[in-house]
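The lines below spell out each chain.
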There are 2 protein chains.
Amino acid sequence: MGPANFSGQKEDRACYAYDATRRFYMPEAVIFPGNAVQVAQILRLATDHGFGVTPRGAGSGMSGGAIAVHGGLVMAMNRCARILSIDTENFVGTVEPGVVTAKFQRAVAERGLFYPPDPSSADYSTLGGNLAECAGGPKAVKYGVTRDYVLGLEVVLPTGEIIRTGVKTAKGVVGYDITRLLIGSEGTLGVITEMTLRLLPLPESVRTLTALFADMRQAARCVVEIMQRGIVPRAVEYMDRNAISCVKNYLGAGVLQEAGAMLLIETDGMAGEAEIAAEKIAGVLREHGAENVESASTPEAAESLWRARKAVSPALYAYGPDKINEDIVVPRSRLPEMVERIGRLSENTGLTMVSFGHVGDGNIHFNIMYDSSLPEQEVAAGQAVNEIFEYTLELGGTISGEHGVGIAKAPYMDREISPEALSLMKRIKSAFDPAGILNPGKMRL
Amino acid sequence: MGPANFSGQKEDRACYAYDATRRFYMPEAVIFPGNAVQVAQILRLATDHGFGVTPRGAGSGMSGGAIAVHGGLVMAMNRCARILSIDTENFVGTVEPGVVTAKFQRAVAERGLFYPPDPSSADYSTLGGNLAECAGGPKAVKYGVTRDYVLGLEVVLPTGEIIRTGVKTAKGVVGYDITRLLIGSEGTLGVITEMTLRLLPLPESVRTLTALFADMRQAARCVVEIMQRGIVPRAVEYMDRNAISCVKNYLGAGVLQEAGAMLLIETDGMAGEAEIAAEKIAGVLREHGAENVESASTPEAAESLWRARKAVSPALYAYGPDKINEDIVVPRSRLPEMVERIGRLSENTGLTMVSFGHVGDGNIHFNIMYDSSLPEQEVAAGQAVNEIFEYTLELGGTISGEHGVGIAKAPYMDREISPEALSLMKRIKSAFDPAGILNPGKMRL
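Colleague: Talk me through the interface of chain B and chain A; I want residue IDs and the actual numbers.
Modeller: Across the boundary between the two partners, chain B contributes 84 residues, which contact 84 residues of chain A. Summed over both sides, the interface of chain B with chain A buries roughly 6600 Å², with 62% coming from carbon and sulfur. Run the count over chain B and chain A and you get ten salt bridges. Across the pair Glu89 of chain B and Arg221 of chain A runs a salt bridge, and its minimum N-O distance is 2.9 Å. At the surface where chain B touches chain A, the tally comes to 24 residue pairs in polar contact (both at pLDDT 80 or more).

Structure follows, in structure tokens:
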């Protein structure tokens, strides 16, 4: 690879030792391949000599997928970062894995096209990382997640073969669906070196609405009602009472008033469509006792409505010192029960707990704020997580909607995945990676 | 299983010996399990004793997926045919695999919900078969295919374990995506015993348009233009000159006039949306020189516009005696080139060849009409198929859009799938089915 593409220096290794989980594992070296052939050479060497390789995008993952927990090599894919083509007749883009998500979104938007998956990290996360984790985001309620936009891949197997999966067309059913097996496999089955992504026409109009409610139950009831009337908004976000209160403190007076829950709803479509939908939604909101229904028809006004929702994460970082950040999903009609349970847990433990997220999908991000220097708080926080996961599964939900398992959720994986299914996953892992060199130590595989 | 659930009688076996490919392979016996536990017992026995088991839905598949080509047992899933629940708050349906697709569509429509995948066989095909083949249909251009509506499964592995895959919620990323690996695996990896399906709100309005064109190039240009204007119709179907002519002969005078190509376009949405989109489309059609633009706003009028398109298959069966029925996909902008190539091949061979299908997806169903009692026609037809597959791959396409590989496409599979990818698929097959008992002889696995 040459010295320009490899480093064993401590300062370089440290740059690739962490991700958004704030955990730190020093890799033994970092390597920067520039193409699939180099990736294949490295992986073949790893399989032959039995050293671990952890592929890495931007390191913005929330579950530890890009951290080399067992040492070995970090394979940084950020030098494979070309947008290879954007086909405006067939709505298909071909890109390398190191392309930053928002950069790709802007490039296709300039050509009148739309790549809907929008994780909050889009400004710095890479498409390769998005695929590895099957990233979601607010627009999933209408447009689905990353999985729904991948037509085909070029992938390097841990044993060094470069294969193509899937198609470059709208449809295709030849052979097993290796494409979707790779998506969400967290870099444990292969290294993606090229991806063919499905695009949509860019919506002509967008309308954004916000509303406040006395309690979460009322807000959730309203969301179910909107969708039952045949309206599919592109985003239905919520913040609970504690999230509103944190953001209010963070942004200062006048931006937000106290409430039991806040909804942010966005519609889009051809000219005319977003407006029709937004008007119907405003009607439903008012019927259900929403207060302060505000709506925005310009990008600037929409930005201002999004301000509170987007301030949740920074507000929680500022709240500190420590927090547990989780990502559960329940059927959306059961969301109020979960929010209430989190509220009771917060009262019982004395720990601040906030929840927010994608209510249209039933996807709840809850945060437990604690101080790790106080052992009783650490224990209480851990017990609360346990209790919430248990209740999630009781409600028919899942313990990770869009952040993945990695190391963060690995201790809980067997609550959701049976021993028989886990054993099948291990056999699949072996079918791809007989020497177990790719991203070792993740997902209990 | 008892005599009521098992038959070795010739007349019963004959009923389960064929599918829509018209090929005939007599199974040694037929078995009718009623639940997952029985499926598990049979599969465990098969793995222990090494006999083949071919799971079967309605036997309406186009690639031979449900035929026991190596003998053994046909496992008919039609007694597992309950709709277990339809959740109108969370838009989720839970069903057994033997439920007929159209029956499920009607059941959810009665509750204001919508299951979009609509293979032409929907009136008799089963959801289990649809999942096994990843069925498509006209609405795929807007709504995607079967894969996009499956949240989770209960599956019996060939070794007898009953596992759950995926989730019952809108999102979920815990562990490998076994759900989508199963979809389109043509009954070679596991037997689906329950499925959790994603539903949408039922569109409030539908508009249907038809238009005639002097040639296919003009029609395809028009489709690209419609989509570039941000309109996503729910169906964009076409018929070429020969398909129009066959249908005209079949339906009799007055129904259809000769033309180079016909488009059928359907829009849907909330009240108001379908109309806005249909008007815009009618404008684009006229700008592009379409003749006889007709539109329908009632279900009856739409039915009449669909009549010609739906008559293609029966018209071709009546045309007889033999035909080769293929299912290719090319990027939609390249569709005119493929239609022209098929036209030239028809002229050169003297065989009637018609093409029709889902132009919005670039999914072409082409049929070669021949007489198998004339060896020179049989040879010419086979050569034409070869040439069309080659050209399909040259254009960046795939040799099966929605019918699957089974036995029909197996001889051609290695043109699209590399030896390295095929070898990986075989290792995956072994990870699921070490004794190779499930649906043996399919997909070159």
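Colleague: Go over the packing of aromatic side chains with me, naming the residues and quoting the values.
Modeller: All names here are of chain A. If you walk through the whole model with that rule in mind, you get ten aromatic pairs over all chains. For the pair Phe114 and Tyr143, a centre-to-centre distance of 5.1 Å together with 85 degrees between the ring planes defines the contact as edge-to-face. A residue pair is termed long-range when its members are at least 10 positions apart, and Phe114 in strand S7 (residues 113-114) and Tyr143 in helix H5 (residues 140-143) qualify at 29 residues. A residue is classified by how much of its surface remains accessible, and Phe114, at 8% relative accessible area, is buried. The class of Tyr143 is buried, set by a relative accessible area of 12%. By way of ring pairs, the aromatic residues Phe104, Tyr115 and Tyr149 are connected into one cluster. The positively charged end of Lys310 is found above the aromatic ring belonging to Trp306, 5.4 Å away from the centroid.

Colleague: Describe in detail the side chain of Glu266 of chain B, supporting the description with residues and values.
Modeller: Residue and element names in this part refer to chain B. Note that Glu266 resides in strand S14 (residues 261-269). Of note is the side chain of Glu266, whose polar atom sits 2.7 Å from the side chain of Thr208. The residues contacting Glu266, other than those within four sequence positions of it, are Val206, Arg207, Thr208, Pro233, Arg234, Ala235 and Trp306.

Colleague: Requested: an account of the sheet that holds strand S13 (residues 235-240) of chain B, with residues and values cited.
Modeller: Residue and element names in this part refer to chain B. One open sheet accounts for seven strands, arranged S15-S12-S14-S13-S17-S18-S16; its pairing is antiparallel. Among the strands making up the open sheet, the edge pair consists of strand S15 (291-296) and strand S16 (322-329). Strand after strand, the sheet turns through a mean of 15 degrees between neighbouring axes, direction not considered. Two strands pair when backbone bridges link them, and S13 and strand S17 (residues 353-358) are joined in this way by three bridges, in the antiparallel orientation. Each bridged residue has a counterpart across the sheet, and for Met239 the counterpart in S17 is Phe356. Strands strand S12 (205-213), S13 and S14 of the sheet are contacted by helix H7 (residues 216-228), whose axis makes an angle of about 20 degrees with S14.

Colleague: So, the packing of H7 of chain B against helix H12 (residues 335-349) of chain B: which residues are in play, and what are the values?
Modeller: All names here are of chain B. For the pair H7 and H12, interaxial distance at closest approach is 9 Å and the crossing angle is 160 degrees. In terms of orientation, H7 lies roughly antiparallel with respect to H12. Both H7 and H12 take part in a crossing whose hand is right-handed. When H7 is examined against H12, the residues Met216, Arg217 and Ala220 are found in contact with a partner set consisting of Leu335, Pro336, Glu337, Val339 and Glu340. Its residues assigned to classes, the contact of H7 with H12 shows five nonpolar, no polar and three charged.

Colleague: Explain the relation of the copies chain B and chain A to me, using residue names and the numbers behind them.
Modeller: Overlaying chain B with chain A gives an RMSD of 0.0 Å, the required rotation being 180 degrees about an axis along which the chain moves by 0.0 Å. Taken together, the turn and the small shift mark the pair as related by a two-fold rotation axis. In this assembly, 100% of the residues forming the interface of chain B have copies in chain A that are likewise at the interface, indicating an isologous arrangement.

Colleague: If you had to explain helix H3 (residues 101-109) of chain B to someone new, which residues and values would you point to?
Modeller: When H3 of chain B is considered as a whole, its buried residues turn out to be Thr101, Ala102, Phe104, Gln105, Ala107 and Val108 of chain B. Those residues of H3 of chain B that are buried lie in contact with strand S5 (83-87), strand S6 (92-95), strand S7 (113-114), helix H4 (127-133) and strand S10 (191-198) of chain B.

About the criteria used
Residues numbered from 1 in each chain as written. Chains lettered and ligands numbered in written order. Predicted model: local features only at pLDDT ≥ 70, side-chain atom pairs only at ≥ 80, totals over all residues. Heavy atoms only, no water. Contact = heavy atoms within 4.5 Å. Buried area = accessible area lost by both parts, 1.4 Å probe. Salt bridge = Lys/Arg side-chain N within 4 Å of Asp/Glu carboxyl O. Polar contact = N/O pair within 3.5 Å; in protein donor to acceptor, adjacent residues only side chain to side chain. Phe/Tyr/Trp six-rings, centres within 6.5 Å; stacked < 30°, edge-to-face > 60°. Helix = DSSP H or I, 4+ residues; strand = E, 2+ residues; numbered from the N terminus. Buried < 20%, exposed > 50% of the residue type's maximum accessible area, 1.4 Å probe, protein only. Lys NZ or Arg CZ within 6 Å of the ring centre and 35° of its normal. Pairing = 2+ DSSP bridges. Axes fitted to C-alpha atoms, helices over the stretch in contact; angles between N-to-C directions. Parallel < 35°, antiparallel > 145°, perpendicular 65-115°, else oblique. Left-handed = near helix turned anticlockwise from the far one by under 90°. Nonpolar A, V, L, I, M, F, W, Y, C, P; charged D, E, K, R; others polar. Least-squares fit on C-alpha atoms with pLDDT ≥ 70 in both.

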